[in-house]
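Summary of structural features
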Amino acid sequence: MGACLLGMLLLVMLPAQAEYRVETVVDGLEHPWSLAFLGDGVMLVTERPGRLRVVENGVLRDTPVEGVPDVFASGQSGLFEVLPAPDFARSGVLFLSYVHGDRNANHTRIVRARFDGQRLTDVQPIFTTRPSKSGDAHAGGRLLLLPDGTLLMGLGDGFFFREESQKLDSHMGTIVRIHTDGRIPADNPFVGRAGALPEIYSYGHRHIQGLVYDAGRERIFAHEHGPRGGDELNIITPGTNYGWPLVSFGRDYSRALITPFTRMTGMEQPVLHWTPSIAPAGLALYEGDAFPGWRGNLLVAALAEKSLRRIPMAGGQPGAQEVLLEDLGERIRDVRVGPDGAIYVLTDEENGRLLRLTPD
């Protein structure tokens, strides 16, 4: 487990005549979910069953990080995001998201902790969803730090509780925004509104799994799972209703119609949608130097399609999509752009891998 396998696995010719290599950095990861870069060749990877792993100069440490909180690990639930604070090099502060509780009553939670290179200390919950839900599906968990220092988390509708996505007294099916110490920003859109939870930033979502900030255009992208079809890519603005379950391009898993509406007054339309479903997971914006022709493109990890999608964004609108990594035949859970400009992906398997894409 954790062997360093830096051999070339695949050589691919792109339509633009660019070639890239796919290398396995490490394998032996159990359903990895999220990846973060700490500098000096150190990366952190979460495993959904509840482990935080260290990859150092291409080698996976045998021993997981100590001090990770207990998680409810079942189905889609478990340990999700690891996100270093902007001043991590000085403060050692990390944020983790995970499912807290049990099958009958659980919440998605954010904790703030300090990492000394070996273990977590000073682990403090800074946000816990309300109300509790049952089951182990659609907990969300994706985190994003904004330039103003606030923290976003995308959440799901709990699968069995889709109507909650239209209620402002529930965090299910929303994006929430908090300060990094758990305080509520005074400019959140529903602060002071009777019956509304003040952490809510946007609502009407089904199951958000990707969040990224486009600094060049000062906008937030999010994608979310639809049911049978109707996965969405959205531009997120505060206070906006994104429609689920009153509006959808998808059908239920039984193929029954969830709603006859694909648009409704007062509800935002997606930038694009995928039908049939690709089950989008991680999301990244490429701004590196290794692939100059891809700058400004969105990269979407896909679970059901077992691929990585590249989406050119010309004039702020999505162009023709390119499907990459299908030949691997593995579910892609996360995608990140490394400090070296390479593209890193995690495969969501029992023997999951951390892969690196570089130009040839």
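Everything that follows concerns the structure shown earlier in this document.
Residue numbers run consecutively from 1 along every chain, following the written order of its sequence. The predicted origin of the model limits local features to residues at a pLDDT of at least 70 and limits the giving and counting of side-chain atom pairs to 80 or more, whereas totals for whole chains, interfaces and linings rest on all residues. For side-chain calculations, the full set of non-hydrogen atoms in the structure is used, while hydrogens and water are omitted.

Right, let's get into the sheet that holds strand β13 (residues 174-178). Strands are treated as partners if at least two bridges between them are detected by DSSP. Counting from the N terminus, the helices are DSSP H or I runs at least four residues long and the strands are E runs at least two residues long. The four strands lie next to each other as β11-β12-β13-β14, forming an open sheet whose pairing is antiparallel. One side of each edge strand has no neighbouring strand; the edge strands of this open sheet are β11 (142-145) and β14 (200-203). Mean inter-strand twist for the sheet, computed between neighbouring axes without regard to direction, equals 20 degrees. Judged from the three bridges that link them, β13 and β14 form a sheet pairing that is antiparallel. Bridge pairing links Thr-174 to Tyr-203 in β14. Note on definitions: angles span 0 to 180 degrees between N-to-C directions of axes, and those axes are lines fitted to C-alpha atoms, for helices only across the stretch in contact.

Next up on the list: the packing of aromatic side chains. Between rings of Phe, Tyr and Trp, where Trp is taken as its six-membered ring, a pair exists when centres lie within 6.5 Å; planes separated by under 30 degrees are stacked, by over 60 edge-to-face, and by other angles tilted. Per the counting criterion, the structure on display carries nine aromatic pairs. Between the aromatic rings of Phe-159 and Phe-160, the centroid separation amounts to 5.0 Å while the plane-to-plane angle is 90 degrees, which identifies the pairing as edge-to-face. According to the relative accessible area criterion, Phe-160 is exposed, its value standing at 59%. On the numbers, 5.9 Å between centres and 75 degrees between planes, the contact of Phe-190 with Tyr-203 is edge-to-face. Of this pair, Phe-190 sits in the loop between β13 and β14 while Tyr-203 sits in strand β14, and the two are 13 residues apart along the sequence. Buried, partly exposed and exposed residues are distinguished by accessible area as a fraction of the type maximum, computed with a 1.4 Å probe on protein chains only: under 20%, between the cut-offs, and over 50%, respectively.

An order of β7-β8-β9-β10 is seen for the four strands of this open sheet, with the pairing classed as antiparallel. If you trace the sheet from one side to the other, it starts and ends with β7 (79-84) and β10 (120-128), each paired once. Sheet twist, expressed as the mean angle between neighbouring strand axes with direction ignored, is 25 degrees. When strand β8 (residues 93-101) meets strand β9 (residues 106-115), the two strands line up antiparallel, connected through nine bridges. Note that in β9 the partner of Val-99 across the bridge is Thr-108.

Now for unusual backbone geometry. Here the bond from Arg-130 into Pro-131 is cis, since omega is -10 degrees, no more than 30 degrees from zero. Mapped onto the secondary structure, Pro-131 falls in the loop between β10 and β11. At the junction of Trp-244 and Pro-245, the peptide bond is cis and its omega measures out at 0 degrees in the coordinates. As for its placement among the helices and strands, Pro-245 is situated in the loop between β17 (231-236) and β18 (272-274). One non-glycine residue, Glu-218, lies in positive phi territory at about 50 degrees. Summarising the element assignment, Glu-218 is placed in the loop between β15 (208-214) and β16 (219-224).

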